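# Analysis of the macromolecular model
Each chain, letter by letter, is given below.
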Amino acid sequence: MASQNDKRAILGKALEDLVTRARSGREPCRIGLMAAGGEHSDMEFITAAAAAMKEDAALTVVGVGPRPAGLLPAGMDWIETGCEGGELAAGMEKALDSGHIQGAVALHYPFPLGVSTVGRILTPALGRAMFVACTTGMSAAKRQQALLRNAVLGIAVAKASGLAAPAVGVLNVDAAPQVLRALNRMAEKGYALNLGQSVRGDGGSLLRGNDLLRGAVDVCVTDTLTGNVLMKLFGAFTSGGAYETTGWGYGPSVGEGWNKVVSIISRASGSPVIANALAYTAAAVRGRLPVLVAEELRMARAAGLDDELAAFEKSDAAPAVQVSPPPVEPTDEEIHGIDVLDLEQAVRCLWKEKIYAEAAMGCTGPVVKLASARLEAARKILADAGYI
């Protein structure tokens, strides 16, 4: 049975939370900050915590690491640990598991396979924010499956951050056309997907570099390694790469069955990015991110997500169709929108129908070259086979 002192403490905490919520209009939130191990002065962490709490009166930042000399910013809490990575991680994990903090911002975290993070950048052309799904971790071992999962996870993070119907585009990297086709099929089966459009003249939901600069969509879907590079380019391009000055960091962790909100920053992140990462993490916690991820996955499954993932598994294992080419013809026309991973099989698909074609790489990506007289027939064959 709880003692009178325990009851008073619980009641006092509840009253404190009510007062904080009334004053700030926000739910009280405690976010841990791994405050050691960066490439800059440890004062970057303290400065970031002070800025984040000044902006959000309901936020308490809890530092994790060797306690700094001098006074902490008003309202900041601290969990003192050693300076080694294992000690920092253990202190943060204990605080998360006990509920002492509801989320955390860390310089590194060993996420299991199936868990990745969704970053957020400030796009320079128009000053728009854009989510990048994903930036660290790995949502699946196979590329196509990871990209498709990243799309669903990115949508969930955007919703947790307050966007009811985020516009989504897929960066034109390997497997992007395959993934976009899968998303379109899911949308046809009822998945509430809002596909954004490229700002380029030919439009479409395959994004180019121009679209990233302008923030053409709310959520840019890409593979983790590319996403990680984008975060570093957009975050540190004004400093020559040594200091990340803009953005919200590499974002909160998401994955099936994953119930922790752990966000990532890099050792090069400066106080502006760290402060934004604290705010981003608090928004994810208040937005009930793990619950939204589970719900988004449920809706995606109802629209065929598992079938699309299984199809990618089969396509990876399928050998290329072996067929001899028909007689050579002049190739004065091109078909775009075929994934580079499908290019050779698409060409063989046309050969099988006695249409001569060649695989090539145009300035906007892979293309199939063929005679203009064969264009319409070839388009129908490739569409029926699912290549475009």
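About the cut-offs
Residues numbered from 1 in each chain as written. Predicted model: local features only at pLDDT ≥ 70, side-chain atom pairs only at ≥ 80, totals over all residues. Heavy atoms only, no water. Helix = DSSP H or I, 4+ residues; strand = E, 2+ residues; numbered from the N terminus. Buried < 20%, exposed > 50% of the residue type's maximum accessible area, 1.4 Å probe, protein only. Contact = heavy atoms within 4.5 Å. Domains from an automatic or database assignment. Buried area = accessible area lost by both parts, 1.4 Å probe. Salt bridge = Lys/Arg side-chain N within 4 Å of Asp/Glu carboxyl O. Polar contact = N/O pair within 3.5 Å; in protein donor to acceptor, adjacent residues only side chain to side chain. Axes fitted to C-alpha atoms, helices over the stretch in contact; angles between N-to-C directions. Parallel < 35°, antiparallel > 145°, perpendicular 65-115°, else oblique. Left-handed = near helix turned anticlockwise from the far one by under 90°. Nonpolar A, V, L, I, M, F, W, Y, C, P; charged D, E, K, R; others polar. Core = buried A, V, L, I, M, F, W, Y, C linked by side-chain atoms within 4.5 Å.

### A closer look at the overall build of the protein chain
- Summing up its helical and strand segments, the protein chain has 12 helices and 15 strands in all.
- Dimensions of the protein chain, computed from C-alpha atoms along their principal axes, come out at roughly 90 × 50 × 35 Å.
- Relative to its 388 residues, the protein chain shows a buried fraction of 49%.
- Within the protein chain, counting contacts between residues at least 6 apart in sequence, those at least 24 apart form 70% of the total.

### A few points about the domain arrangement of the protein chain
- For the protein chain, the domain assignment lists domain 1 (115-238 + 290-313) and domain 2 (319-385).
- Counting residues at the interface gives 10 residues for domain 1 and seven residues for domain 2.
- Buried surface at the junction of domain 1 and domain 2, both sides included, amounts to about 590 Å², of which 45% is carbon and sulfur.
- Of all residues in domain 1, Asp174, Pro177 and Gln178 bury the most surface against domain 2, accounting for 51% of the area lost on that side.
- For the pair domain 1 and domain 2, the number of links is one salt bridge.
- Note that Arg181 and Asp342 form a salt bridge whose closest N and O atoms lie 3.2 Å from each other.
- There are two residue pairs in polar contact (both at pLDDT 80 or more) connecting domain 1 and domain 2.
- For the side of domain 1 that touches domain 2, the element with the highest residue contribution is helix α5 (residues 176-188), accounting for four residues.

### Digging into the packing of helix α4 (residues 143-160) against α5
- Contact pair α4 / α5: the axes reach a minimum separation of 9 Å and the direction vectors enclose 50°. When the axes of α4 and α5 are compared, the pair comes out oblique. Here the hand of the crossing between α4 and α5 comes out right-handed. Residue-level contacts link Gln144, Leu147, Leu148 and Ala151 of α4 to Ala176, Gln178, Val179, Ala182, Leu183 and Met186 of α5.
- Partitioning the contact of α4 with α5 into residue classes produces eight nonpolar, two polar and no charged.

### What to know about the nonpolar core
- Of all hydrophobic cores here, the largest spans 96 residues; its most connected members are Ile31, Val61, Met76, Met92, Val118, Leu148 and Tyr191.
- Listed in part, the 17 residues of the second largest apolar core include Ala346, Cys349, Ile355 and Tyr356.

### What about the environment of Phe131?
- Within the secondary structure, Phe131 is located in strand β6 (residues 128-138).
- According to the relative accessible area criterion, Phe131 is buried, its value standing at 1%.
- C-alpha separation for the pair Phe131 and Gly251, spaced 120 residues apart in sequence, amounts to 8.8 Å.
- Beyond its immediate stretch of four places on either side in the chain, Phe131 contacts Val118, Gly119, Arg120, Val157, Ala158, Ser161, Leu163, Asp218, Val219, Cys220 and Tyr280.

### So, unusual backbone geometry
- Cis geometry marks the peptide bond from Ala133 to Cys134, where omega comes out at 15°.
- Position of Cys134 among the secondary structure elements: in strand β6.
- Look at Ala175: it is not a glycine, yet its phi comes out positive at around 80°.
- Its location among the elements puts Ala175 in the loop between β7 (167-171) and α5.
- Of note, the phi angle at Lys354 is positive, near 65°, even though the residue is not glycine.
- Along the polypeptide, Lys354 turns up in the loop between α11 (343-352) and β14 (357-362).
- A relative accessible area of 62% places Lys354 in the exposed class.

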